[in-house]
Amino acid sequence: MTTAQTQELDVQPTPLALLLLGREADPRSERGVECPGDLPSPSDPDLVARARAAKEKLGDKVFVLGHHYQRDEVIQFADVTGDSFKLARDAAARPEAEYIVFCGVHFMAESADILTSDDQKVVLPDLAAGCSMADMATAEQVAECWDVLTEAGIAEQVVPVSYMNSSADIKAFTGRHGGTICTSSNAERALNWAFEQGEKVLFLPDQHLGRNTAVRDLGMSLEDCVVYNPHKPNGGLTAEELRAAKMILWRGHCSVHGRFSLDSVDDVRERIPGVNVLVHPECKHEVVAAADYVGSTEYIIKALEAAPAGSKWAIGTELNLVRRLANRFAAEDKEIVFLDKTVCFCSTMNRIDLPHLVWTLESLAEGTLVNRIEVDPETEKFAKLALERMLALP
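(A) Summary view of the packing of helix H9 (residues 168-176) against helix H18 (residues 377-391). Contact geometry for H9 and H18: axes closest at 7 Å, N-to-C directions at 65 degrees. When the axes of H9 and H18 are compared, the pair comes out roughly perpendicular. Seen along the crossing, H9 lies across H18 with a hand that is left-handed. Across the interface between the two elements, Ala168, Asp169, Lys171, Ala172, Thr174, Gly175 and Arg176 from H9 touch Glu378, Thr379, Phe382, Ala383, Leu385, Ala386 and Arg389 from H18.

(B) Spotlight on the pairing of strand E3 (residues 99-103). Within E3, five of the five residues are buried, leaving the element largely enclosed by the surrounding structure. Residues Tyr99, Val101 and Cys103 point to one face of E3 and Ile100 and Phe102 to the other, with burial holding for every one of them. Sheet topology places strand E1 (residues 62-67) next to E3; five bridges connect them, and they run parallel. When the sheet's bridge partners are listed, Val62 is paired in E3 with Tyr99. Read from E3 through helix H6 (residues 106-115) to strand E4 (residues 121-123), the crossover connection turns out right-handed.

(C) Highlighting empty space enclosed by the protein. Tallied over the full model, the rule gives one cavity of 30 Å³ or more. Computed from the structure, the largest cavity encloses a volume of approximately 320 Å³. What lines the largest cavity is a set of 29 residues, among which His67, Tyr69, Met108, Asn165 and Glu282 lie closest to the centre.

Criteria and cut-off values
Here the residue index of a chain counts from 1 through its sequence in written order. With pLDDT at 70 or above as the cut-off, local features in this predicted model cover only qualifying residues; side-chain atom pairs require 80 or more to be listed or tallied, and sums for whole chains, interfaces and linings still use all residues. Think of the side-chain values as coming from all heavy atoms in the structure, minus any hydrogens and water. Simply put, an axis is a line fit to the C-alpha atoms, just over the touching stretch for a helix, and the angle between two N-to-C directions goes from 0 to 180 degrees. Labels follow the DSSP assignment, with helices taken as runs of H or I lasting at least four residues and strands as runs of E lasting at least two, numbered in each case from the N terminus. By definition in this entry, angles of less than 35 degrees are roughly parallel, angles greater than 145 are roughly antiparallel, angles of 65 to 115 are roughly perpendicular, and the rest are oblique. Crossings are sorted by hand: turned counterclockwise from the far helix by less than a right angle, the near helix makes the crossing left-handed, and turned clockwise it makes it right-handed. Any two residues whose heavy atoms approach within 4.5 Å at even a single point are treated as in contact. Only protein chains enter the accessibility calculation, which uses a 1.4 Å probe; a residue whose area is less than 20% of its type maximum is buried, one above 50% is exposed, and one in between is partly exposed. Here, strands pair whenever DSSP counts at least two bridges between them. Orienting the strands away from the viewer, one traces the path from the first strand over the helix to the second; a clockwise path indicates a right-handed crossover. Here a cavity means grid points, on a 1 Å grid over the protein atoms only, where a 1.4 Å probe fits yet cannot get out; a pocket means an open set of points with protein on both sides within 12 Å along at least five of seven lines; lining residues are those with an atom within 4 Å of a point. Grid points are joined across faces, edges and corners, and a volume is the space filled by probe spheres set on the points.

Below, the structure written as structure tokens:
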């Protein structure tokens, strides 16, 4: 529908619609939407050549990180690929690189800034590349939650564990309150450590990873878990419910992994006899319980690498990665399909496209620093403390 048609119908775009269109900013969110300068046209046939030329001109001054969920057109220019924490550590291991171009989302670039030296500059090609899950927990909301736990008389018993997919503010909160960060690969170790420090865990911001790890890996019951809803008074929980719980799960989720359902699993098993269902632990508990294998992005890649020829796999994670893996292993006669019938990319990851990457690299090559991501020193101090606790996990 055109703007003119919208005006004729007297339809006013909602704030959410404007945000998704990149025409407004959400002050409560970690993401921004401004991109100064003129972007190259997506139809420019020279985009690939321009990106190569700019990257070659920059030489060792630039280090390009590509998250697994990025588009193929972008990932081809990555010096390294991986999940968010691996990439942040890779950046820290390249101190000679003046510019770290992070093809991922905002919280990932923040983590890279925290772990790299002060001399290095972390750049996000499109500031609108946020993360809906990370946006579901703000510093103000988490501070209010801690007040609720204090009023219930249990704050001293609670150890916060925050998923890597969180803003620097949330990581700093975690560090200040004696907690640790976790990834989808080491969540079990992080929770075991946390329960050695205290009696309860506040798990931020993905309820599904927290629940799946507690129940599937640590042997807890679903009744041991409660969900704190930041949009309800006292999180929608009574003091008695909080005191009885072992796992206080933040009401957050991944918009991609949260869409997979038990029906998706049942349908793919009916369509493809003998299929192996492999899902990410950010999926809902009933999906994880029905799957054959569960693991992080890196786990998924390694499982498919080790899979025998002729095997069939339905993967419950972001579509860019699933499609890339299907193409990679087609020659080995491995059938790899997306778990859901409906195509679903991570919309914010896909904001990093070739025009934004070209604009970024050409700007840097011309000596113009754009879209720098900086974490303030106080936040960085406590966020780094939480990350260091993770690195020290047994």
